[in-house]
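Coordinate inspection notes
Here's the letter readout for the chains.
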Amino acid sequence: MRAGKTVLLMFLLPAFVVLVLSFGIGLVSLNSLKSQYLQSSDVQAADLRTLHQESTFKRDISELHSRVIEVLDAARQRNMSDVQLYRHHSRLVNELAAIEQQVQTLAESNLLREVNHNSVQGLRESFTQYRNLVIMATEIAAIDPDTADQYFSQAQTSFNEFSIFTGRIAMLLTDRTMLRERESRNRHEKAFVQIFIFSLIGAAVVLLAVFAIAVRISGHVRDIADALSKLSYNTSTELRLPAMERLQLSSRGEFGRIANVILGFRDDMVRRIKAEEENHRLIFYDALTGLPNRRLLQEQLQYAAGASARVSNYHALLWLDLDRFKLINDMRGHTAGDALLVEVADNLRSMLREGDLLARVGGDEFAILLELPQGLKAEAAKEAERIAVGICGGVSREYQIEGHCHYLTASIGIALFADKTMGVDALLSQAEVAKYQAKDAGRNTVSFYDPKIQAEINRRAELEGELRNALERDELRLFYQLQFDQQAQPIGAEALLRWQHSERGLVSPADFIPLAEESGLIVPMGEWVIQTACQLLAEWQSQPLLQDLQLAVNVSARQFRQQDFVEMVLIQLAQTGARPERLKLELTESAVLEDIEQAIQKMQALRSRGVSFSMDDFGTGYSSLQYLKRLPLDQIKIDQSFVRDIVADPDDAVIIRTIIAMGQALSIEVIAEGVETQEQREQLASYGCHRYQGYLFARPLPLAECLALLKHKR
Ligand code: C2E
Ligand code: CA
Ligand code: CA
């Protein structure tokens, strides 16, 4: 592993500083010590030399003095010839000259010059005196020993004198040397103290530097540790790490890199948490309204059931369904429908208490989970009903969507629960069943769950299962109800579907068509109806009695919406060889209005081949001239509900007259269905409607019976 540059530098720097400092201090101190040493050793050498000279002088002069005594003694006792004496004398003169030279050198030495001028001067003078007296004494000794003795005794005095001087000088010299010694020791001590202080200062500086660096490193390490611990506990998408951001900017070395990595890690983590939250939102929330979806509701129900069991209170699950929302969706389009749902969701949200849960569980269906404080079921039910009625009233109002006013109402089903015995799915289906009950009770109402309705739902579920097999088992039949003109002559027939159930007998389309619509089975079933009708038409073509009859076939909205609807009809026509002019398709308003442009296209495509179109159940939907005029229609069929009351209810009579007028204005044929009485027929005729279908003329019949009736009528 490679050590990082910054950290390495941080540790090397103090070591380097220590090295340089100690090297510098050592160099300076050694240098000063060396020069001091050289200086003092020079002085000492000179002093020693001086001391040596002085002792040489002392030795030489003592020797010389003893010889002088010997020479003078020999002269006195006449042991020596004059020549010998003279030889001694001249040798002594020479030696004295040499010694004088020594004195001179001694006197000029630095040491003596510094010491005591008087002593040196005295030494010089007494030596000169001594020399002169000795010379004179030895000179005269051969001739006059007594005078020589006199001189010598004077010389002895001088000798003693300068001996005192030399003694004093020796003492001074010793003092002086000792002083110098002391001085040099002091200087050494001072130098040592200096080195010590410098080292101390150096060490302190290094220590401070190391401390500062250590503080800095430990600060970084602490910041990094803090950031890592923040990261490890982080669950939010907003994680600020200001220390790492500063470090990233300020440090280009390892710490900068670490900060970089941590910030990168943080960014990754934030991205991941955001993705998880988004996932969570997608899984548990509805994209349109932002409300919790069915899945989250299921979880919350589970939790609420547990809580209720612990606290011994009740929870209520409200299932809210908007009445006739589908119609608005079909009329105004999905975008407007979505906007309306968002408005309703906001409205609902504003009505709830804190802690209540509002979820969207289907297209126009919402669920509300309420916690009720009551411990008794009757009281809890009362409270739940009170709240539900309030919500129902709050939702029921006008909504402004895309410049249009829509009055909405809602039906609410309620299921109560106090523990987990029921299970979440059962609970949801109870609330839904209660909602159906509220719808059946006339909409805009609140209803509690009723087991009887559940049984009905179960029956429907069973029926749906069986309906799937009906096609394969060839259990579907077509009945035919004839249609008549003013002269009661048959002009055609409507094909009506029946289910020949093995146990239940003949099942009414009112019971299974909605089921088939919901499950999508209506598509293959509808195709079978058209195929069967076309086969029949092809058969009729060769029979003079039947060849002019038109056969009307009901087309459900879901089937009409199929992309290949036009193609499918054309294929059936081609395969059976039926004449398109004999085929009439009955559409409802909801089938056409959901996407009117596409409906017009499809109708035109088929109409150009000869197929005709009838608008079924006219008057029950949004029947208006506006769209009627755009649709390529051949016929409108007045809904039987108006026909039923045409005699009794003047309003219905007015509606029928309006429909007839509209048809006339647009040159569209009008037919009335559900004509049961002669009175109804006459009234219709008086308004200008001359085509009829109903029990008065014929009931829906199996093919054979229908043909028999036809023959009879003709
Ligand atoms: P619809 O298209 O309005 O059919 C007319 C209904 O009125 C038929 O009921 C018919 O038996 C009934 N009816 C005819 N004359 C009278 C009368 O004078 N008095 C009374 N009270 N009723 C009369 P049905 O056969 O039970 O069909 C019910 C509905 O089922 C039909 O209403 C239609 O919407 C649907 N349906 C029937 N066959 C098919 C089919 O092949 N395909 C599709 N998509 N729907 C079908
Ligand atoms: Ca019909
Ligand atoms: Ca009808």
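Now for a description of the structure that goes with this document. (Residues numbered from 1 in each chain as written. Chains lettered and ligands numbered in written order. Predicted model: local features only at pLDDT ≥ 70, side-chain atom pairs only at ≥ 80, totals over all residues. Heavy atoms only, no water.)

1. Things to note about the overall build of the chain
Along its length, the chain carries 24 helices and 17 strands. For the chain, the C-alpha radius of gyration of 68 Å lies well beyond 27 Å, the compact-globule estimate for 714 residues. With the principal axes as the frame, the chain shows a C-alpha extent of 215 × 65 × 50 Å. Counting across all 714 residues of the chain, residues that qualify as buried make up 43%. Once local pairs closer than 6 in sequence are excluded, the contacts in the chain between residues at least 24 apart make up 69%. (Helix = DSSP H or I, 4+ residues; strand = E, 2+ residues; numbered from the N terminus. Rg over C-alpha atoms; globule rule 2.2 N^0.38 Å. Buried < 20%, exposed > 50% of the residue type's maximum accessible area, 1.4 Å probe, protein only. Contact = heavy atoms within 4.5 Å.)

2. Details of the coordination of the calcium ion (ligand 2)
Coordination of the calcium ion (ligand 2) by the protein is provided by E494 (OE), N554 (OD1), E586 (OE) and D616 (OD), with metal-donor distances spanning 2.1 to 2.4 Å. Between consecutive donor residues of the calcium ion (ligand 2), the sequence gaps follow E-x59-N-x31-E-x29-D. The exposure class of N554 is partly exposed, given its relative accessible area of 29%. Residue classification places E586 among the buried residues on the basis of a relative accessible area of 1%. (Donors = N, O, S within 2.8 Å, 3.2 Å for Na, K, Ca; no water.)

3. Side note on the nonpolar core
Ranked by size, the top nonpolar core spans 82 residues in total, and within it I638 and L684 carry the most contacts. Here this core gets ten residues from one element, more than from any other, and that element is helix 15 (residues 522–540). Discounting residues that sit within four places of it in the chain, L684 has contacts with I638, V643, I646, I656, I660, A672, V675, C689 and Y692. Counting 35 residues, the second-largest nonpolar core is a separate cluster that includes A316, L358, I387 and I401. (Core = buried A, V, L, I, M, F, W, Y, C linked by side-chain atoms within 4.5 Å.)

4. With respect to the site of ligand 1
As a matter of local geometry, ligand 1 sits amid 20 residues, with Q481, R498, Q640, E676 and Y695 nearest to it. At a separation of 3.0 Å, a nitrogen atom of ligand 1 approaches a polar backbone atom of L497. Between an oxygen atom of ligand 1 and a side-chain N or O atom of E673, the distance comes to 3.4 Å. Summarising the interface, the protein chains cover 82% of the accessible area of ligand 1, which totals 780 Å² for the free molecule. At the level of elements, strand 9 (490–501), helix 14 (509–519) and strand 13 (612–618) are the ones that each hand at least two residues to the shell around ligand 1. No other element matches strand 9, which puts four residues into the shell around ligand 1. Here the residues of the shell around ligand 1 are counted per class, giving eight nonpolar, six polar and six charged. (Near = heavy atom within 4 Å. Polar contact = N/O pair within 3.5 Å; in protein donor to acceptor, adjacent residues only side chain to side chain. Areas by Shrake-Rupley, 256 points an atom, 1.4 Å probe, with all protein chains shown as cover. Nonpolar A, V, L, I, M, F, W, Y, C, P; charged D, E, K, R; others polar.)

5. A word on the packing of helix 22 (residues 650–665) against helix 23 (residues 678–687)
Two elements in contact, helix 22 and helix 23, have axes whose closest approach is 10 Å; the angle formed by their N-to-C orientations is 45°. With respect to helix 23, the element helix 22 is oriented oblique. In this structure, the crossing between helix 22 and helix 23 has a hand that is right-handed. Only Q683, L684 and Y687 of helix 23 make contact with helix 22, whose side of the interface consists of A653, I656, R657 and I660. (Axes fitted to C-alpha atoms, helices over the stretch in contact; angles between N-to-C directions. Parallel < 35°, antiparallel > 145°, perpendicular 65-115°, else oblique. Left-handed = near helix turned anticlockwise from the far one by under 90°.)

6. Points about the coordination of the calcium ion (ligand 3)
Distances from the calcium ion (ligand 3) to its protein donors, D616 (OD), D617 (OD), E673 (OE) and E673 (OE), fall at 1.9 to 2.9 Å. All donors of the calcium ion (ligand 3) belong to a single chain; written as a sequence motif, their spacing is D-D-x55-E. In this structure, the calcium ion (ligand 3) is positioned 4.0 Å from the calcium ion (ligand 2), and both are ligated by D616. One end of the pair, D616, is in strand 13; the other, E673, is in strand 15 (residues 669–673), with 57 residues separating them in the sequence. The pair D616 / E673 is uniform in exposure class, with both members buried.

7. So, the side chain of E383
By the element assignment, E383 lies in helix 11 (residues 377–395). Exposure remark for E383: the relative accessible area of 16% places this residue in the buried category. Apart from residues no more than four positions distant in its own chain, E383 is found in contact with L372 and Q374.

8. So, the environment of L633
With respect to the secondary-structure elements, L633 resides in the loop between helix 20 (625–628) and strand 14 (635–638). Taking the relative accessible area as the measure of exposure, L633 reaches 6% and is therefore buried. For the pair formed by L633 and G663, sequence separation is 30 residues and the distance between their alpha carbons is 9.9 Å. Every residue in contact with L633, bar those within four places of it in the chain, is listed here: M603, R607, F613, S614, M615, L628 and I668.

9. Quick look at the packing of aromatic side chains
One pass over the structure, following the stated rule, counts ten aromatic pairs. Here F127 and F162 contribute two aromatic rings whose centre-to-centre distance is 5.8 Å and whose plane-to-plane angle is 65°, an arrangement assigned as edge-to-face. Of this pair, F127 sits in helix 4 (residues 117–140) while F162 is found in helix 5 (residues 145–233), placing the two residues 35 residues apart along the sequence. Like F127, the residue F162 is buried in the burial classification. Members of the aromatic cluster, joined through ring pairs, are F57, F127, Y130, F159 and F162. (Phe/Tyr/Trp six-rings, centres within 6.5 Å; stacked < 30°, edge-to-face > 60°.)

Honestly, that's just the spatial picture; any functional story needs more than this.
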